[in-house]
Amino acid sequence: MDFPKLGVWKVVFSILDGAWVVRTGIRTFHNVALLWLCLWFIMMHGHSPQRVVCLRKESVSDTGGNSMDKEDKQVRVRFAPSPTGALHIGGARTAYFNWLFARQHKGVFVLRIDDTDRARSTEASYQQILDSLRWLGLDWDEGPDVGGAYGPYRQSERMSIYTEQLEKLKQQNRVYPCFCTPEELQRERELAQREGRAPRYSGKCRHLSADEVASRLAAGESHVYRLRVESEGETVVHDIIRGDVVFQNAEIDDFIIWKADGTPTYHLASCIDDALMEISHIVRAEEHLSNTPRHVVLFEALGFEVPQFAHVPMILAPDRSKLSKRHGATSVSEYREQGILPQALINYLLLLGFSPGEDNEVLSREQAIESFRLDQVAKHAAVYDVKKLEWLNAQYYRAQSPDLVLAQAWAGFVERGWVAPDETNRERLAWLRTAIEFVLSRSRNAADLVEGLRYYFQPVNAYDPTGVKKQFADSDVSDRLRRIAKRLSEVSPFTTVVVEKEFRSLIEELGVKGGKLIHPTRLALTGVTVGPGLFDIMVLLGRDECVSRLELAAHRIETGNVTLTQ
RNA sequence: GGCCCCAUGGUCAAGCGGUUAAGACACCGCCCUUUCACGGCGGUAACGCGGGUUCGAAUCCCGCUGGGGUCACCA
């Protein structure tokens, strides 16, 4: 929008203002005056109010578009975990946002392993991170295992590249060797802390004479390299989520970019890789925001273009502290072990810090790609809520077909001895499928399913205590159970419709309320008070089993053994 | 402590100067039902505080408070 038009727009908006006043009620003389002014303006210019509204809508859609689409530069984003532990849910979300952004812009999602810390990096962690990402369905286009034109993708394999870039900086006198020992620096930091100063490097080695540097280097004295940072001016980080963030250069000290052991620090390696891998947008956790001015300075020192940044907020524990082990599951693999479905976890992660709009919060990966907007990611940290994750999991879990659930749960069934590993009996499998179908709608996860299925496979050795109090209390309850058993033993065919008919006729004969028979029967048959429809359970259990369980329960009630059994 | 970021119900989160301040989870009722779950209907519950700017502020500005991050030869 060019400048002269702005004035016109201002007037247009004033008119809209006036229209608002009319609708919301005229309260003040001022508003009345404004209304007349508006009417006058409209008449003078021959605009109807509808026309004006129309103009505004156009202006909104003009400025509301996604500016990314206009740039033809390819989107390249990366997720760069350090293999020093499991993939954290915070990391998973960062990876997901990167992935979404890449997929949405038909860009490239790069997986890079930031393992410059050789002491803490482990192969097991590397494998676990890859497994977790795959499980979540976050596929990468370039990475250590799949290769790509910008490899290698493990920093430990890129040492020659870093050395080369360091040489470049040395030649341009952008860095200088620093001989201060860690202990010395530690002492200085502590002193600064005590005196209330910012703990910043003093610059002691910055002005060493060329001779001294040469001789100390020749003597093989241990040293690091620091970047010369201008203390004048300011560095601006353009952040897609937060807008411009300004840092005074005086706040940035001559930070270390090369360690004494001859390896680059994270800052150096990361910037070199991002530049050389032509990363267009760095989407990473908020904890890096404070480091970003250093990175901007580094990119510039290296002579590289500065990529765009987006710092996504952190995920906090319910007490608003940093998420840690004591808050329960924090890694993707733990959720996986707990029976959380990847679709559910990924969906939940999206909702943490982003609102897809509309009312639907249960959305597929494809819908997520479509609705995701990086610039609309929340600025504030989110507290994670297991309850909502579990609810989402239930949504996905129940939506699965019984056959799929059967396949997934099979190993667990075998382990419990509920099915033979090589079961091929058609009736048995169909029966199992039906049992699952009835329990599935009442299950939030695999553990619920197992619980709901238990009594089909195991004898009832305990009865729910509150159920006993309520349903087994009547003096004639054991007698009723025996009569039910007797009646059932004569039912044929033993199918839901027939069983229910017989059951209900017995209710009538006895002249009691349905619940008086139904509830004790359920408890006798399953040991619990909840579950699928009673007649469905009966048919699945089979006539003989029902009869014997009813008689056993009756016997236990009569002998007072009902609460003692284990 | 310096610097940086942030602030709407218990939690997630709409909102972009005029709204009865959405929606979801959780919680509480009611309905459905042989129980439970699902589902349906309804309810409780929020703009951290103080100053401005404005006819009008959750929305813009300043301060405070609170939370978080960072200041490593970790990433």
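Residues numbered from 1 in each chain as written. Chains lettered and ligands numbered in written order. Predicted model: local features only at pLDDT ≥ 70, side-chain atom pairs only at ≥ 80, totals over all residues. Heavy atoms only, no water.

Participant: What's the story with the layout of surface pockets in this structure? I'm lost.
Facilitator: The calculated volume of the largest pocket comes to roughly 1100 Å³. Lining the largest pocket are 37 residues, and of these Pro81, Ser82, His88, Gly91 and Glu287 lie nearest its centre. For the lining of the largest pocket, the element with the most residues is helix α4 (residues 89-104), which contributes 4 residues. Partitioned by chemical class, the residues of the lining of the largest pocket number 14 nonpolar, 13 polar and 10 charged. In this structure, the second largest pocket occupies an estimated 600 Å³ of space. Together, 26 residues line the second largest pocket, and Leu185, Arg189, Tyr201, Arg226 and Ile256 are the ones closest to its centre. Elements with a minimum of two residues in the lining of the second largest pocket: α7 (182-194) and β4 (224-227). At 6 residues, α7 tops the list of elements feeding residues into the lining of the second largest pocket. (1 Å grid on protein atoms, 1.4 Å probe; cavity = no way out; pocket = protein on both sides within 12 Å on 5 of 7 lines; lining within 4 Å. Points joined across faces, edges and corners; volume = space filled by probe spheres on them. Helix = DSSP H or I, 4+ residues; strand = E, 2+ residues; numbered from the N terminus. Nonpolar A, V, L, I, M, F, W, Y, C, P; charged D, E, K, R; others polar.)

Participant: Just to check I follow, could you spell out the nonpolar core for this structure?
Facilitator: Across soluble globular proteins, you tend to see nonpolar side chains buried next to one another. Phe413, Leu449, Leu453, Tyr456, Phe472, Leu488 and Met538 are the most contacted members of the largest nonpolar core, which has 108 residues in total. Examining the composition of this core, we find that 9 residues originate from one element, α4, more than from any other. In contact with Met538, not counting residues within four places along its chain, are Leu488, Phe494, Val499, Phe503, Thr521, Leu525 and Cys546. Ranked by size, the runner-up nonpolar core spans 34 residues in total, among them Val175, Val237, Phe255 and Ala301. (Core = buried A, V, L, I, M, F, W, Y, C linked by side-chain atoms within 4.5 Å. Buried < 20%, exposed > 50% of the residue type's maximum accessible area, 1.4 Å probe, protein only. Contact = heavy atoms within 4.5 Å.)

Participant: Quick question: what am I supposed to make of the sheet that holds β4 here?
Facilitator: Strand pairing in a sheet relies on backbone hydrogen bonds, with the paired strands running either antiparallel or parallel. Taken together, 3 strands build an open sheet; the order of strands is β3-β4-β7 and the sheet is antiparallel. Both outer strands of the open sheet, β3 (175-178) and β7 (256-258), are each paired with one neighbouring strand and no more. The mean angle between the axes of side-by-side strands here comes to 45°, regardless of whether they run parallel or antiparallel. Relative to β4, β3 is paired through 4 bridges, and the arrangement is antiparallel. Along β4, the bridge assignment pairs Val175 with Leu227. (Pairing = 2+ DSSP bridges. Axes fitted to C-alpha atoms, helices over the stretch in contact; angles between N-to-C directions.)

Participant: Honestly, the pairing of strand β5 (residues 234-239) in this entry has me stumped. Any pointers?
Facilitator: Along any regular strand the residues' side chains alternate between the sheet's two faces. Every second residue of β5 is oriented toward a common face, the buried set being Thr235, Val237 and Asp239 and the non-buried set Glu234, Val236 and His238. With 6 bridges joining them, β5 and strand β6 (residues 243-248) adopt antiparallel strand pairing. For Val237, the partnering residue across the bridge sits in β6 and is Val245. Linking β5 back to β6 in an antiparallel pair, the connection comprises 3 residues.

Participant: Looking at this structure, I do not really get helix α17 (residues 446-457). What am I missing?
Facilitator: Quick reminder: α-helices carry 3.6 residues per turn. Residues three or four places apart thus point the same way. Along its 12 residues, α17 runs 16 Å from first to last C-alpha, staying within 8% of the 16 Å computed at 1.5 Å per residue. Within the span of α17, buried status applies to Leu449, Val450, Gly452, Leu453, Tyr455, Tyr456 and Phe457. Elements that come into contact with the buried residues of α17 comprise α14 (386-399), α15 (402-415), α16 (426-440), α21 (514-526), α22 (534-541) and α23 (543-558). N-cap assignment for α17: the residue whose side-chain oxygen lies 3.1 Å from the backbone N of Ala447 is Asn445. (Expected span 1.5 Å × (residues − 1). Polar contact = N/O pair within 3.5 Å; in protein donor to acceptor, adjacent residues only side chain to side chain.)

Participant: Is there a simple way to explain the protein's contact with RNA strand B in this structure?
Facilitator: Taken together, 64 residues surround RNA strand B, and among them Arg242, Lys259, Arg442, His519 and Gly531 come closest. If you look at RNA strand B and keep only atoms within 4 Å of the protein, 68% of those are sugar or phosphate atoms. The contact in question runs from a base nitrogen of RNA strand B to an N or O atom on the side chain of Ser290, over 3.0 Å. Backbone polar atom of Thr529 to a sugar or linking oxygen of RNA strand B: 3.0 Å apart, as the coordinates give it. Of all elements in the fold, only α1 (3-24), α7, β6, α9 (266-276), β11 (382-383), α14, α21 and α22 reach the threshold of two or more residues within the surface near RNA strand B. For the surface near RNA strand B, the per-class residue count stands at 24 nonpolar, 17 polar and 23 charged. (Near = heavy atom within 4 Å.)

Participant: I keep staring at the side chain of Ser331 and nothing clicks. Help me out?
Facilitator: Of note, Ser331 is situated in the loop between β10 (315-316) and α11 (332-337). Reaching out from Ser331, the side chain makes a polar contact with the side chain of Ser333 at a distance of 3.3 Å. Each residue touching Ser331, except ones within four places of it in the same chain, is listed here: Ala86, Leu87 and His88.

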